Amino acid sequence: MSEAEPGKVRRKMAVGEGRSMMHWLNLRPNVKRLRRVTMSEVKKHNTREDCWSVYRGKVYDMTPFFEYHPGGPKYILMAAGKDGTKLFDKYHKWVNIDFIMEKCFVGILVNEDGSVPAPGEESESIEEEESEQTQDE
Ligand code: HEM
């Protein structure tokens, strides 16, 4: 370690074992506090200013991501208040949602009665409004 510049006071302190910034960043979300979210709650957040979407059974607050999306904001808006998994997979199945959206994770999607969906029991994911097949809900 190099010495601090003369005249400069260094205010960093020695942190405890396993308490570096690297450790902090590596901490996973606290599972005990994991929030359970129903689809009817997701549906309420369906605007550009307040946008939640479901991807692979997880609910994300997409609002801060609009300007960052490489495909542009209109695509994020298409899945506002909805399950966008199929749309997502259509364009880029390979993109790692968990990693990119970690900061915006709200909670896991549960059934309306609060129970956790069984494996494979997916919520209805919207598809692109192609041909006559339009799905508003
Ligand atoms: C969690 C949600 C999403 C994340 C994290 C995400 C992330 C990304 C990333 C990283 C890229 C660049 C991919 C690459 O260069 O290979 C991209 C591009 C794109 N995304 Fe998304 N995306 C999301 C949702 C969506 C949705 C719902 C749609 C469609 C409705 C969509 C449509 C597109 C399109 C059209 C492009 C441009 C593809 C191209 O022409 O290269 N994305 N997105």
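Counting of residues starts from 1 at the beginning of each chain's written sequence and follows it residue by residue. The predicted origin of the model limits local features to residues at a pLDDT of at least 70 and limits the giving and counting of side-chain atom pairs to 80 or more, whereas totals for whole chains, interfaces and linings rest on all residues.

Nearness between a residue and a molecule or strand is assessed with a C-beta atom placed from the backbone; a distance within 6 Å qualifies. As a structural note, the neighbourhood of the ligand is formed by 17 residues, with Pro70, Gly71, Tyr75, Leu87 and Tyr91 the closest of them. For the shell around the ligand, the element with the highest residue contribution is helix 4 (residues 85-92), accounting for four residues. For this classification, the nonpolar set comprises Ala, Val, Leu, Ile, Met, Phe, Trp, Tyr, Cys and Pro, the charged set comprises Asp, Glu, Lys and Arg, and every other residue, Gly included, is treated as polar. The residue inventory of the shell around the ligand, partitioned by class, reads 13 nonpolar, four polar and no charged. Numbered from the N terminus, helices here are DSSP runs of H or I no shorter than four residues, and strands are runs of E no shorter than two.

Turning next to the pairing of strand 2 (residues 52-55). Residues Trp52 and Val54 line one face of strand 2 and the alternating positions Ser53 and Tyr55 line the opposite face, and both faces are buried. A pair of strands counts as paired when DSSP detects no fewer than two bridges linking them. For strand 2 and strand 3 (residues 58-61), the ladder comprises four bridges, and the chain directions are antiparallel. For Tyr55, the partnering residue across the bridge sits in strand 3 and is Lys58. Once strand 2 ends, the chain turns through two residues before running back antiparallel as strand 3, passing Arg56 with a positive phi of about 50°. With C-beta atoms placed from the backbone, a residue counts as buried when 20 or more other C-beta atoms lie within 10 Å of its own, as exposed when 12 or fewer do, and as partly exposed for counts between those limits.

Turning our attention to the nonpolar core. One finds Cys51, Trp52, Val54, Val59, Tyr60 and Met62 to be the most contacted residues of the largest nonpolar core, which totals 14 residues. Where this core is concerned, the elements lending two or more residues are strand 2, strand 3 and strand 4 (105-110). Among the elements that take part in this core, strand 2 stands out by supplying three residues, more than any other. Placing a C-beta atom from the backbone of each residue, one calls two residues in contact when those atoms lie within 7 Å. In contact with Val54, not counting residues within four places along its chain, are Val42, Val59, Asp83, Gly84, Thr85, Leu109 and Ser123. By convention in this section, buried Ala, Val, Leu, Ile, Met, Phe, Trp, Tyr and Cys residues joined through C-beta atoms within 7 Å make up a nonpolar core.

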